[in-house]
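# Secondary and tertiary structure notes
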Amino acid sequence: MAWTTEKRYKRYEDWTQEEVQHIKENIAKSPWRANYHVEPQTGLLNDPNGFSYFDGKWVVFYQNFPFGAAHGLKCWVQMESDDLVHFTETGLRVLPDTPLDSHGAYSGSAMQFDDKLFLFYTGNVRDENWVRHPYQIGALLDKSGKLEKIDKVLIEQPAEATDHFRDPQIFNYKGQFYAIVGGQNLDKQGYVKLYKAVDNDYTNWEVIGDLDFANDKTAYMMECPNLVFINDQPVLLYCPQGLSKDVQDYGNIYPNMYKIGQSFDTNKAAMINPSPIQNLDYGFDCYATQAFNAPDGRVLAVSWLGLPDVEYPSDRFDHQGAFSLVKELSLKDGKLYQYPVPAIKDLRAEEQPFAALTESKNSYELELNLAADTEHEIVLFADKDGKGLRINFDLKAGLVTVDRSLAGEPFALDFGTSRSCNIDKEATSATIFIDKSIFEIFINKGEKVFSGRVFPREDQTGIAITKGNPTGTYYELDYGRKAN
Ligand code: FRU
């Protein structure tokens, strides 16, 4: 099906019941729907938005085009959870239905004020000449799920920015509310702008300046910047589109990167002593990670397991994209660790010592121990000939390689079929989550992460061990109370 602009921007009310029914029936035929990861009910899921704690529950929205696997007219769909593992969808929440967001409710963040959740997001508007106007706008969600949009622009497009100016993140630093917005300046360089809420009023923002994080200025746009504080150190997660691979190598069409600062100077709008830029994830499909300082003291993050401008095999079943598991961020010896929240263990059902398997439900967790000076290779989503997702742990060379070239249907081939990263040569561990068409690999409890999608054939459900003999545990995972 051709996704013309007209079709992508067709108003929601103009999609017929029959068309929606057809999409649902098509999705029901998909062999690749996840078991325990958040996925769109219909259509395309992209960025996580508004990840927050509100009214005693965890809240996150997925940005969605509900009518097929295309980047069309976007809305936010609300998910709630009491354990950060089981999520329930509570409805389409931020619709593109006002003059300030008529062409899409784009990315943003959320924070509770009094008994309402303030949503801070980008209203994407196209005028009659299809010129884009990005408005940083807000809405208030009450406890019954009623949403009221604030009828004014909260942050205007700055004079030095192009129409690529979006994705506001609100955060609290030492009792003062700030926001950062990602953008592109008139020299077509990506940058991040820092604002302050005047008198802590979230409807009144004044600019502090361009965030100084030793930006190398090779990217043309900074999407989805997030600033979190771990032990008081600022960590900036962001997506520098077009970043030069000489600055930091990466394999995906667009990277998700981070920098760790020593401290944060709000007056100078600066991250002091920022680290070099680093890959947040060494896998194939991880973007637009959203993180926040949760009221319980943890720093939580969730990523879009998908990328812009990539076609996925699931598109023909009218669905695309999933969320990663919720990950807790921490700093150890100056390094960022990302690891699924402990409640993920509640999914564990049957367990057995790790060994080759001819057949599984492709819904499991592996905990593997990797001894120093050894090399191991396993194949997940393996067919009877041992072809599938190949993972090589070479602790002699200090290298992990993930190769998806034989794992079902090929896609995104322009960006290669394998990814590698260096690890310490000392004994370490790998925790691997497999969910139908998703893998998330955490080396050394999250010091290095590989996430991605594969679209296996029906006979690719096994586990093969093709080198060495890694020991560990296999846990079958059972979601139990699936929401939809
Ligand atoms: C990142 C992004 C954001 C934007 C949204 C639009 O994936 O491009 O910058 O707000 O998606 O869907």
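Residues numbered from 1 in each chain as written. Predicted model: local features only at pLDDT ≥ 70, side-chain atom pairs only at ≥ 80, totals over all residues. Heavy atoms only, no water.

Spelled out, the test is: UniProt positions are given in the numbering used here, feature names are shortened, and annotations may be inferred rather than shown by experiment.
In the nomenclature of an unreviewed UniProt entry, the protein is known as Sucrose-6-phosphate hydrolase of Streptococcus sanguinis. Note on the protein: under the UniProt heading Pathway (unreviewed entry), the record states "Glycan biosynthesis; sucrose metabolism."

## As for the state of the cysteines
For clarity, the threshold we go by: Throughout, a disulfide means two cysteine sulfur atoms within 2.5 Å of one another. Categorising residues by exposure relies on relative accessible area from a 1.4 Å probe, with only protein chains included: less than 20% of the type maximum marks a residue as buried, more than 50% marks it as exposed, and the intermediate range marks it as partly exposed.
By the definition in use, this model includes zero disulfides. Unpaired in this structure, Cys224 has its nearest cysteine sulfur neighbour in Cys239, at a distance of 5.3 Å. Cys239 sits in the buried class, given a relative accessible area of 1%.

## Notes on the site of the ligand
Formally: Proximity criterion: a residue is near a molecule or strand once any of its heavy atoms comes within 4 Å of it. Polar contact is defined as a pair of N or O atoms within 3.5 Å, subject to the rule that within protein one atom must be able to donate a hydrogen and the other to accept it, and that residues adjacent in sequence are counted only when both atoms are side-chain atoms. Accessible areas in this description were obtained via Shrake-Rupley with a 1.4 Å probe; residue shielding takes into account the shown protein chains only. The numbering of helices and of strands both runs from the N terminus, where a helix is a DSSP run of H or I of at least 4 residues and a strand a run of E of at least 2. Residue classes follow a fixed rule: Ala, Val, Leu, Ile, Met, Phe, Trp, Tyr, Cys and Pro count as nonpolar, while Asp, Glu, Lys and Arg count as charged, and any other residue, Gly among them, counts as polar.
Close to the ligand lie Asn46, Asp47, Gln63, Lys74, Tyr106, Ser107, Arg166, Asp167, Glu223, Cys224, Tyr287 and Trp304. Within the side chain of Asp47, a nitrogen or oxygen atom sits 2.8 Å from an oxygen atom of the ligand. With respect to the ligand, the side chain of Asp167 contributes an N or O atom lying 2.5 Å from an oxygen atom. Within the complex, 92% of the 310 Å² of free accessible area of the ligand lies under protein. Every element with two or more residues in the shell around the ligand is listed here: strand 1 (43-54), strand 5 (105-113), strand 9 (161-173) and strand 13 (221-230). Taken together, the residues of the shell around the ligand break down into four nonpolar, three polar and five charged.

## A closer look at the sheet that holds strand 30 (residues 428-435)
Applied cut-off: The pairing criterion is simple: DSSP has to find at least two bridges between the two strands. Whenever a helix is involved, its axis is fitted only over the stretch in contact; in every case the axis is a line through C-alpha atoms, and angles between N-to-C directions fall within 0 to 180 degrees.
An order of 24-34-25-30-31-32 is seen for the six strands of this open sheet, with the pairing classed as antiparallel. On the outer flanks of this sheet lie strand 24 (348-353) and strand 32 (448-453), each paired with one strand and no other. Averaged over all adjacent pairs, the angle separating strand axes in this sheet is 15°, with direction ignored. Sheet topology note: the strand 30/strand 31 (residues 438-443) ladder contains six bridges and is antiparallel. Across the sheet, the residue bridging to Ile434 is Phe439, located in strand 31.

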